[in-house]
Amino acid sequence: MKLIFYIFLFSQLLNSLDVFAEKLKKSSSGIKTVEWEMVDENRPKPLKKIIWKSYKGDENYFKNENKKGFSINQFSETKSAIREPSIWRNRTLRFSYEEIDMPDDGEFMGLYSVGAYDSFNSWLYGGITLYGAATGRRGGFFTGGYTIGVEHYLTNNWILDAGGYVGAGGGGAAAQGGGLMIRPHIGLKYDFSWSSLGLNYSYVDFPNGDISSDAIALSLDIPFTSPTFSWGNDGLTKADYFGADLSNVSRHRSHLAARVRAYYPSSDSKTTSGGSFDDSFGLVGVDYSYFLDENWFATFETAGAVEGGVGGYAELLGGMGYRFPLTKDDRLALLPALTIGGAGGGAVETGGGFVARANLGMEYQLSPDLNMIIDGGYLTAPDGNFDTPYVGFNLAYVMQTFAQDQKGAPLKETNFIQTNKWRFRPAHQWYFDAQRKDGYSRDMQLLGGKIDWMVGDWWYLTGQGLSAYEGGAGGYSEGHWGLGILGPSLENWQLYGEMLIGAGGGGGVDSGSALLYKPSIGLEYNLNDDFSLQTGIGKVISKEGNLDANTFDVSLVWRFGTPK
C-alpha cells in the first residue's frame, strides 16, 4: 500500500506539468470601470475579463488577484514595466498538526510543523520544513528537511495539494532508526484569500526505523509576497527598483539574532529517569523576528544545549511580541513576547514536548545595524516535569524588509537600496568512524542546510544545522555558528575554509556535553551568477566527549540578496 501511494504521488507531480488558467476576482475602483481582455493562448475559449482596480485613488496600484493565492502588481503606465517580470515572489508560511501511531501498542505522537515555501511558478512550490513532537511521550523528537509540492485549483476556492517531504532527525528515545524521514501527502485546501485551511492524508515513514504510520493532517497556509534581490541590485534607487509599485510598498523591520541563555530548572523539574537537576545548563541558538508593523512582530527561534550535562536538548518555538520604545531616539526599547513550540531531549522531562514561554527583553541600539538584547523569562512544559526561569544575551543584526501594504514605514523615492549578500547551502555530509557511547565507531550520514552572510568579498559568517539520517544515529543533530573565508578565484574555481563552534548530541553519538568544534577546507565551482557546487573535508571534535571524526561535505550554493 505504501509503495502504491508513493507511485501515485509521483505520477501526480508528472501529470501537473500544464499551465492552469487564471481565475480572477472582480472588483470596482470607482464609477468608471476599465476592463482589460486577456487571451488564453493555449485554448480557444471565450475571453476572460480582468478588472483594473485602483488603490485609494492611486492609479499606479493595479493588483492582479488570482485564485492561486498570488498578489502581483502586473500593470503600470509604462511599456517597460509591462514587459519586465514582476520583482515580487509569492511565498507561504505553513503550520500543520497530525497524530501518528508509534510502534508500541496504543502509543501515538502528535507532530507539529513549521514550513517556509517559495512558489517556483503557478503550480509548483518548495522549501524548508521542520517537524517536532508536541503530544505523547517523545518530547525532544525533531526532524528537518525539504518539501516540494504541487497545487491545482479545482474551483474558485478549493485547491488540490500534493507533495512530499524528505528530512532527517529523531530523538525522544523514538524508534527512528537511522533518522531518515519521508512524508508524502495529498489533500484539499480552502482558500480564504488571507489564508488557506487544509485537510491532508499523509504517510510518515522512517525507512530504516520502526515508525510507519498514516495520518490526517490539518494545515494552515499564510501567503505573503516579498521582492527578489540579486547581489547586483546594490545602489539602485527605490524608485528605479520598484517603479510604479513604489506607492504601495512600505518598509518593515526584521532582525536575525545569535543568542546564549542560561536555564535554572526549578526544584520540581525532573530528568526522564526521575532524577533532579543539580545545576543550571547553557544554550546557544538563533532567533528571527519580522515586524508586521511599527510595533508588532512575529518571532521564530531555535536553540540547543552546550553545557550542563543535557547534550541533545533542543527547542523550536514561534510566537508574537510587541516593541515598546522607551526613548525619543528609539535606541532603547522593551520587547515582551509569548512563544509556544516543542522542546526536549538530553534526558529533560518535557513529556510530549509541548512548551510555552513568556519572555521580556531590553533592546539597546549599538549602531543602525546592530542591537544588543538582554532578556529573561520563564519556560514551562505543561505535559512534563520541567519548569525554568532563565536569563539571556542576544546580538541582533537589524535589516529592512519591503512589503506590499501600507502598514510599515513609507519609502522615499531617492533613497538607495543597499543589499545584504547571502548564500543558502543545502548540504550532505559523511562522518567517518564517528565514536559512539557504546565504545564502537561507525560511519554516519547527515542532511541539513547552511546560511551565510557575506560580510565582505572574501569572508562570511555562517549558521548551520544538520541531522543524521543513516548510520544508526537517528536523533543526532547539530547547530553551529562560525566564520568562513574565500580564496582568490581562478576561472570558475575557488578555495574556502571554515571554523565552526556549536552544539550536537543524541543518537548515541559520544559528543559529551554537546559542545563541538568543526574546522574544514574545500573547493567551490561557480555554475553561474546564482549557483555553485562545493565539496570539502574537515573534522568534527567534541570538547568533552570522544567524538573526533573526519568529515566529507557536498553542498549546492544559492546566492541571493536582501535589503539592509
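Here, residues in each chain are numbered from 1, in the same order as that chain's written sequence. Two thresholds apply to this predicted model, a pLDDT of at least 70 for residue-level local features and 80 or more for giving and counting side-chain atom pairs, whereas whole-chain, interface and lining totals are computed over all residues. In computing side-chain properties, one takes all heavy atoms of the structure into account and sets aside hydrogens as well as water.

1. A look at the overall build of the chain
Argument step 1. Helix and strand labels come from DSSP, where a helix needs a run of H or I of at least four residues and a strand needs a run of E of at least two; each type is numbered from the N terminus. A tally of helices and strands in the chain yields 3 helices and 30 strands.
Argument step 2. With a 1.4 Å probe rolled over the protein chains alone, any residue whose accessible area is under 20% of its type maximum counts as buried; one over 50% counts as exposed, and the rest are partly exposed. Relative to its 564 residues, the chain shows a buried fraction of 48%.
Argument step 3. By definition in these notes, contact holds between two residues if any of their heavy atoms fall within 4.5 Å. In the chain, the proportion of contacts linking residues at least 24 apart, taken out of those at least 6 apart, comes to 60%.
Argument step 4. In the structure as shown, the chain presents an accessible area of about 26,300 Å², 60% of it carried by carbon and sulfur atoms. Note on areas: Shrake-Rupley with a 1.4 Å probe; residue coverage comes only from the protein chains shown.

2. Regarding the packing of aromatic side chains
Argument step 1. Classification of ring pairs rests on two measures: the distance between centres of Phe, Tyr or Trp rings, Trp counted by its six-membered ring, which must be within 6.5 Å, and the angle between planes, read as stacked under 30 degrees, edge-to-face over 60 and tilted in between. For the coordinates displayed, the defined rule picks out 26 aromatic pairs.
Argument step 2. Geometrically, the ring pair formed by Phe-229 and Phe-402 is tilted, given 6.3 Å between the ring centres and 35° between the ring planes. A residue pair is termed long-range when its members are at least 10 positions apart, and Phe-229 in the loop between strand 12 (212–227) and helix 3 (238–242) and Phe-402 in strand 21 (residues 386–403) qualify at 173 residues. Each member of the pair Phe-229 and Phe-402 is classed as buried.
Argument step 3. In this structure an aromatic cluster arises from ring pairing among Tyr-263, Phe-277, Phe-281, Tyr-313, Phe-386 and Tyr-390.
Argument step 4. Charge over a ring is defined by NZ of Lys or CZ of Arg lying within 6 Å of the ring centre and within 35 degrees of the ring normal. Of note, Arg-357 hangs over the ring of Tyr-390, and the distance from its end group to the ring centre comes to 5.0 Å.
Argument step 5. The lysine or arginine in question, Arg-423, covers the ring of Tyr-460, its NZ or CZ lying 4.8 Å from the ring centre.

3. Topic: the pattern of salt bridges
Argument step 1. Here, a salt bridge means any side-chain nitrogen of Lys or Arg that lies within 4 Å of a carboxyl oxygen of Asp or Glu. Scanning all chains against the criterion turns up 28 salt bridges.
Argument step 2. Put simply, Arg-357 and Glu-301 hold a salt bridge, and the shortest N to O gap is 2.5 Å. With Arg-357 in strand 19 (residues 354–367) and Glu-301 in strand 15 (residues 296–307), the pair connects residues that are 56 residues apart, well separated along the chain. Pair check on accessibility: Arg-357 and Glu-301 agree, each one buried.
Argument step 3. With a closest N to O distance of 2.9 Å, Asp-330 and Arg-323 form a salt bridge.
Argument step 4. With relative accessibility at 30%, the residue Asp-330 sits in the partly exposed group.

4. Considering the environment of Ile-100
Argument step 1. Inspection of the secondary structure puts Ile-100 in strand 5 (residues 88–101).
Argument step 2. Residues Ile-100 and Leu-111 lie 11 residues apart in sequence; the distance between their C-alpha atoms is 7.6 Å.
Argument step 3. For Ile-100, the residues in contact, after removing those within four places along its chain, are Glu-107, Phe-108, Met-109, Leu-111, Val-204, Ile-211, Ser-213 and Ala-215.

5. So, the nonpolar core
Argument step 1. Among the buried residues, those of types Ala, Val, Leu, Ile, Met, Phe, Trp, Tyr and Cys that are joined through side-chain atoms within 4.5 Å form a nonpolar core. The biggest cluster of nonpolar side chains holds 16 residues, and the ones touching the most others in it are Tyr-263, Phe-281, Val-310, Tyr-313 and Phe-386.
Argument step 2. Listed by contribution, the elements that provide at least two residues to this core are strand 14 (281–291), strand 15, strand 20 (370–381) and strand 21.
Argument step 3. For Val-310, the contacting residues outside a window of four places in its chain are Phe-277, Phe-281, Ala-305, Gly-346 and Val-348.

6. Here we look at the pairing of strand 30 (residues 548–563)
It is a general feature of regular strands that their side chains alternate between the two faces of the sheet.
Argument step 1. Across 12 bridges, the pairing between strand 23 (residues 419–435) and strand 30 is antiparallel. In the strand pairing of strand 30, Trp-422 is matched with Phe-560.
Argument step 2. Between any two strands, pairing holds if DSSP finds at least two bridges. Sheet topology note: the strand 29 (residues 531–542)/strand 30 ladder contains 11 bridges and is antiparallel. When the sheet's bridge partners are listed, Ile-541 is paired in strand 30 with Asp-548.
Argument step 3. Counted between consecutive antiparallel strands, the loop separating strand 29 from strand 30 contains 5 residues.

7. Here's the deal with the sheet that holds strand 26 (residues 477–490)
Argument step 1. Strand order around the closed barrel formed by 8 strands is 23-24-25-26-27-28-29-30, with antiparallel pairing between neighbours. Pairs of neighbouring strands in the sheet enclose a mean axial angle of 25°, with direction left out of account.
Argument step 2. As paired elements, strand 26 and strand 27 (residues 493–505) share 12 bridges and run antiparallel to each other. Note on strand 27: the bridge partner recorded for Gly-484 is Glu-498. To obtain each axis, a line is fitted to C-alpha atoms, and for helices this fit is confined to the stretch in contact; angles are then taken between N-to-C directions over 0 to 180 degrees.

8. Details of the confidence of the model for the chain
Argument step 1. Here the chain shows a mean pLDDT of 84. Residues at 70 or above account for 85%.
Argument step 2. For every residue, the predictor reports its confidence as pLDDT, a number between 0 and 100. For residues 1–84, every residue scores under 50 in pLDDT, and the model assigns this stretch 129 contacts once sequence neighbours within four places are set aside.

9. What to know about the side chain of Arg-91
Argument step 1. Structurally, the position occupied by Arg-91 is in strand 5.
Argument step 2. By the criterion applied in these results, polar contacts are pairs of N or O atoms within 3.5 Å in which, for protein atoms, one can donate a hydrogen and the other can accept it, and in which residues neighboring in sequence qualify only through two side-chain atoms. Side-chain polar atoms of Arg-91 contact the side chain of Ser-226, separated by 2.3 Å.
Argument step 3. Every residue in contact with Arg-91, bar those within four places of it in the chain, is listed here: Tyr-117, Asp-118, Ile-222, Pro-223, Phe-224, Ser-226, Pro-227 and Thr-228.

10. Notes on empty space enclosed by the protein
Argument step 1. Only protein atoms enter the 1 Å grid used here, on which a cavity is any set of points holding a 1.4 Å probe that cannot leave and a pocket is any open set flanked by protein within 12 Å on both sides along at least five of seven lines; residues with an atom within 4 Å of a point are listed as lining. Grid points are joined across faces, edges and corners, and a volume is the space filled by probe spheres set on the points. Counted under the stated rule, the structure contains 7 cavities of 30 Å³ or more.
Argument step 2. Volume-wise, the second largest cavity comes out at about 160 Å³.
Argument step 3. Along the wall of the second largest cavity there are 16 residues; nearest its centre are Arg-259, Asp-287, Phe-297, Thr-299 and Asn-359.
Argument step 4. Of all the secondary-structure elements, those providing two or more residues to the lining of the second largest cavity are strand 13 (250–263), strand 14, strand 15, strand 18 (332–344), strand 19 and strand 20.
Argument step 5. Residues that form the lining of the second largest cavity fall into these classes: 4 nonpolar, 7 polar and 5 charged. We call Asp, Glu, Lys and Arg charged. Ala, Val, Leu, Ile, Met, Phe, Trp, Tyr, Cys and Pro are nonpolar, and the rest, Gly among them, are polar.

11. Thoughts on unusual backbone geometry
Comment: phi is negative for the bulk of residues other than glycine, and the bulk of peptide bonds are trans.
Argument step 1. For Ser-193, which is not a glycine, the phi torsion comes out positive at approximately 80°.
Argument step 2. Considering the arrangement of structural elements, one finds Ser-193 in the loop between strand 10 (180–191) and strand 11 (196–205).
Argument step 3. Despite not being glycine, Glu-491 shows a phi value in the positive range, around 55°.

12. Some thoughts on the environment of Gly-352
Argument step 1. Tracing the backbone through its elements, the reader meets Gly-352 in the loop between strand 18 and strand 19.
Argument step 2. Assessed through its relative accessible area of 0%, Gly-352 is described here as buried.
Argument step 3. Along the backbone, Gly-352 and Ala-133 are 219 residues apart, and their C-alpha atoms lie at a distance of 6.4 Å.
Argument step 4. Excluding its chain neighbours within four sequence positions, the residues that come into contact with Gly-352 are Ala-133, Ala-134, Thr-135, Gly-136, Arg-137, Arg-138, Gly-139 and Asp-383.

13. Some thoughts on a nonpolar patch on the surface
Argument step 1. Like charges within 9 Å and nonpolar side chains (Val, Leu, Ile, Met, Phe, Trp, Tyr) within 5 Å are joined into patches, using only residues over 30% in relative accessible area that form no salt bridge. Residues Val-260, Tyr-364, Leu-366, Leu-370, Ile-374, Phe-393 and Leu-395 make up a contiguous nonpolar surface patch of roughly 560 Å² in combined accessible area.
Argument step 2. Examined against the element boundaries, Ile-374 turns out to sit in strand 20.

14. Digging into the pairing of strand 29
Argument step 1. Taking every second residue as pointing to the same face, the buried face of strand 29 carries Ser-532, Gln-534, Gly-536, Gly-538, Val-540 and Ser-542, while none of Phe-531, Leu-533, Thr-535, Ile-537, Lys-539 and Ile-541 on the other face is buried.
Argument step 2. Of the strand pairs in this sheet, strand 28 (residues 515–526) and strand 29 are connected by 9 bridges, and their pairing is antiparallel. Residue Tyr-525 lies in a different strand from strand 29, and its bridge partner there is Leu-533.
Argument step 3. Between strand 28 and strand 29, which pair antiparallel and follow one another directly, the connecting turn spans 4 residues.

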